[in-house]
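One letter stands for each residue in the lines below.
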Amino acid sequence: MSEEWIADRMHRIDASGIRKVFDLAAKLADPVNLSIGQPHFDTPQPIKDALAQATADGHNGYSQTQGIAPLLKTIQEHVDKTLGQTDRQVFITSGTSGGLMLALCGLVNPGDEVIVFDPWFVMYKHLVTLAGGTVVEIDTYPDFQIDVNKVRDAITDRTKVILCNSPANPTGCVASSEQLKDLAELAAEKDIAFLSDEIYNSYCYDQEFQSPAQWNDQTIVIDGFSKSHSMTGWRLGYMHGPSALMQQMLKLQQFTFVCAPHPVQWAGLTAWDYDVSEYVDEYRRKRDFMVSELRNDFEIHGADGAFYLFPKAPWGTGTEFVTEAIKNNLLIIPGNVFSPSDTHFRISYAAEDAVLERGVELLKKLARQGKPSV
């Protein structure tokens with residue numbers, strides 16, 4: 001092959017640092033793995049049974065691009081009741097990642113700017129690049145709180161989208177109602193598309209989840225079943241927003257993903273009615289344990305939701321600390337995967353208690369021994 005075959009855009013997209021850690025994990029014997037960004041529990045049995053039934057019933061071909069009618073109706077009724085907006089249309093996506101791709105490719109022209117909050121979910125930067133846009137990073141260090149004045153100052157005549165994720169990956173931070181309201185109103189004032197990634201909305205531990213869509217009826221919301229119901233491999237998400245925008249996203253879905261996996265959509269009806277509160281309570285308890293065990297040795301902010309901590313490395317760079325952790329059979333993710341800064345690292349506490357207990361002991365040991373001499 002010729003190197004000239006490769007599209008220029010591919011040279012602006014790096015392989016995920018998270019995947020590199022996953023590859024490393026496969027080579028270690030019995031690693032203490034606090035790197036994986038997915039629930040540690042299996043998909044609940046009634047949902048698996050519903051999938052099996054859907055395939056047995058013959059729901060194995062394409063569905064309508066927008067999704068099956070019963071699931072659309074169920075989610076649409078919920079969205080209408082929750083937000084009370086007359087022009088808000090739901091459709092089913094192939095996971096939230098698929099929804100993000102549709103939204104950004106449907107909104108962003110080459111040269112357009114997309115505002116994201118640093119640190120950000122790793123996919124945001126690369127999907128913006130794929131769409132031909134430029135990421136504009138709003139620094140939220142050290143406490144990961146959104147300063148709307150910084151956003152206002154960053155807006156230019158090329159700003160097209162503000163992308164917000166609360167509860168957030170990798171910080172676990174939950175934006176306050178005031179921050180979300182101010183951000184939503186700023187987007188409306190400046191006629192900028194506001195994209196709200198709400199995939200972790202089930203995991204709010206200290207306050208009730210708030211969607212910015214309640215303050216800006218043009219907000220595009222992306223959500224799904226992956227994290228709440230441990231269905232990451234099932235690729236079932238949904239999107240809602242102004243109907244004219246959703247029609248454009250649907251047009252793109254028709255010629256890319258075609259539809260979300262058809263039998264999985266039928267299982268989604270069972271998932272929608274499945275109570276996940278016991279898992280939320282379990283992760284709240286795990287969060288409390290991790291913060292209690294680590295706060296004397298690490299600077300920790302956020303941790304209000306999702307299932308992540310984003311501590312500051314107690315010595316060296318984030319990469320140096322993670323490198324030493326991996327040498328000690330502990331898998332965590334360096335912060336520069338999510339940020340231009342290399343000062344922090346991500347822990348996922350979506351793991352069994354015994355793994356978390358081993359993990360905190362290793363982390364405390366690493367923090368207290370200090371940076372190894374070269």
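Everything below is about the structure shown above.
Values in this document were obtained by computation on a predicted structure and should not be read as measured data.

K.L.:
Account for the side chain of His-126, with residues named and values stated.
P.N.:
With respect to the helices and strands, His-126 occurs in helix H5 (residues 122-130). Once residues lying within four places of it in the same chain are set aside, the contact partners of His-126 are Arg-12, Ile-13 and Asp-14.

K.L.:
Tell me about the sheet that holds strand E8 (residues 237-241), residues and numbers included.
P.N.:
The mixed open sheet is built from seven strands, whose spatial order is E2-E8-E7-E6-E5-E3-E4. Two strands lie at the open edges of the sheet, namely strand E2 (89-93) and strand E4 (134-139), each paired on one side alone. Taking the axes of each pair of neighbouring strands and ignoring which way they run, one obtains an average angle of 25° across the sheet. Of the strand pairs in this sheet, E2 and E8 are connected by five bridges, and their pairing is antiparallel. Within the sheet, the bridge partner assigned to Thr-93 lies in E8 and is Gly-237. Contacts from helix H4 (residues 95-107) reach E2, strand E3 (113-118), strand E5 (159-165), strand E6 (193-197), strand E7 (220-224) and E8 within the one sheet, and its direction differs from that of E7 by about 160°. Lying on the sheet, H5 is in contact with E3, E4, E5 and E6; it crosses E4 at an angle near 150°.

K.L.:
Outline the nonpolar core, supporting the account with residue identities and numerical values.
P.N.:
Residues Leu-34, Met-290, Phe-321, Leu-330, Ile-332, Ile-347 and Leu-363 are the most contacted members of the largest nonpolar core, which totals 40 residues. Of all the secondary-structure elements, those providing two or more residues to this core are helix H10 (277-294), strand E9 (308-309), helix H11 (318-327), strand E10 (330-331), strand E12 (345-348) and helix H12 (353-369). Listed in part, the 35 residues of the second largest apolar core include Val-116, Val-122, Val-128 and Phe-338.

K.L.:
Go over the sheet that holds E12, please, and point to the residues and values.
P.N.:
Strand order in the open sheet formed by three strands is E9-E12-E11, and the pairing between neighbours is antiparallel. At either margin of the open sheet sits one strand with a lone partner, and together these are E9 and strand E11 (333-334). Across two bridges, E9 lies against E12 in antiparallel orientation. Note that in E12 the partner of Leu-309 across the bridge is Ile-347.

K.L.:
Which residues make up the pairing of E7, and what values go with them?
P.N.:
Among the five residues that make up E7, five are buried, leaving the element largely enclosed by the rest of the structure. Every second residue of E7 is oriented toward a common face, with Ile-220, Ile-222 and Gly-224 on one face and Val-221 and Asp-223 on the other, all of them buried. When E6 meets E7, the two strands line up parallel, connected through three bridges. Along E7, the bridge assignment pairs Ser-196 with Val-221. Here E7 runs beside E8; their pairing, made up of four bridges, is antiparallel. Among the inter-strand pairings, Val-221 is bridged to a residue of E8, identified as His-240.

K.L.:
Give me empty space enclosed by the protein: which residues, what numbers.
P.N.:
To find the voids left in a structure, one rolls a probe of water-molecule size over its atoms. A complete count under the given rule lists one cavity of 30 Å³ or more for this structure. The calculated volume of the largest cavity comes to roughly 190 Å³. The wall of the largest cavity is formed by 20 residues, among which Phe-117, Pro-119, Asn-165, Ala-168 and Thr-171 lie closest to the centre. Elements represented by at least two residues in the lining of the largest cavity include exactly E3 and E5. The biggest single contributor to the lining of the largest cavity is E5, with three residues.

K.L.:
Residue-level account of the pattern of salt bridges, with values.
P.N.:
Close approach of charged atoms allows side chains of opposite charge to pair. Taken as a whole and assessed by the stated rule, the structure comprises 17 salt bridges. The shortest N-O distance in the salt bridge between Lys-181 and Glu-185 comes to 2.9 Å. Placement of both Lys-181 and Glu-185 in helix H7 (residues 177-190) is noted, with a separation of four residues, approximately one turn of the helix. Exposure remark for Glu-185: the relative accessible area of 34% places this residue in the partly exposed category. Across the pair Asp-353 and Lys-286 runs a salt bridge whose closest N-O atoms are separated by 2.6 Å. Residue Asp-353 is located in helix H12, and its partner Lys-286 is located in helix H10; the two are separated by 67 residues in the primary sequence. The buried category is assigned to Lys-286, whose relative accessible area is 1%. In the salt-bridge network here, residues are joined through shared partners; they are Glu-282, Arg-285, Lys-286 and Asp-353.

Reading guide: rules and limits
Residues numbered from 1 in each chain as written. Predicted model: local features only at pLDDT ≥ 70, side-chain atom pairs only at ≥ 80, totals over all residues. Heavy atoms only, no water. Helix = DSSP H or I, 4+ residues; strand = E, 2+ residues; numbered from the N terminus. Contact = heavy atoms within 4.5 Å. Pairing = 2+ DSSP bridges. Axes fitted to C-alpha atoms, helices over the stretch in contact; angles between N-to-C directions. Core = buried A, V, L, I, M, F, W, Y, C linked by side-chain atoms within 4.5 Å. Buried < 20%, exposed > 50% of the residue type's maximum accessible area, 1.4 Å probe, protein only. 1 Å grid on protein atoms, 1.4 Å probe; cavity = no way out; pocket = protein on both sides within 12 Å on 5 of 7 lines; lining within 4 Å. Points joined across faces, edges and corners; volume = space filled by probe spheres on them. Salt bridge = Lys/Arg side-chain N within 4 Å of Asp/Glu carboxyl O.

Geometric values such as these leave the question of function open.
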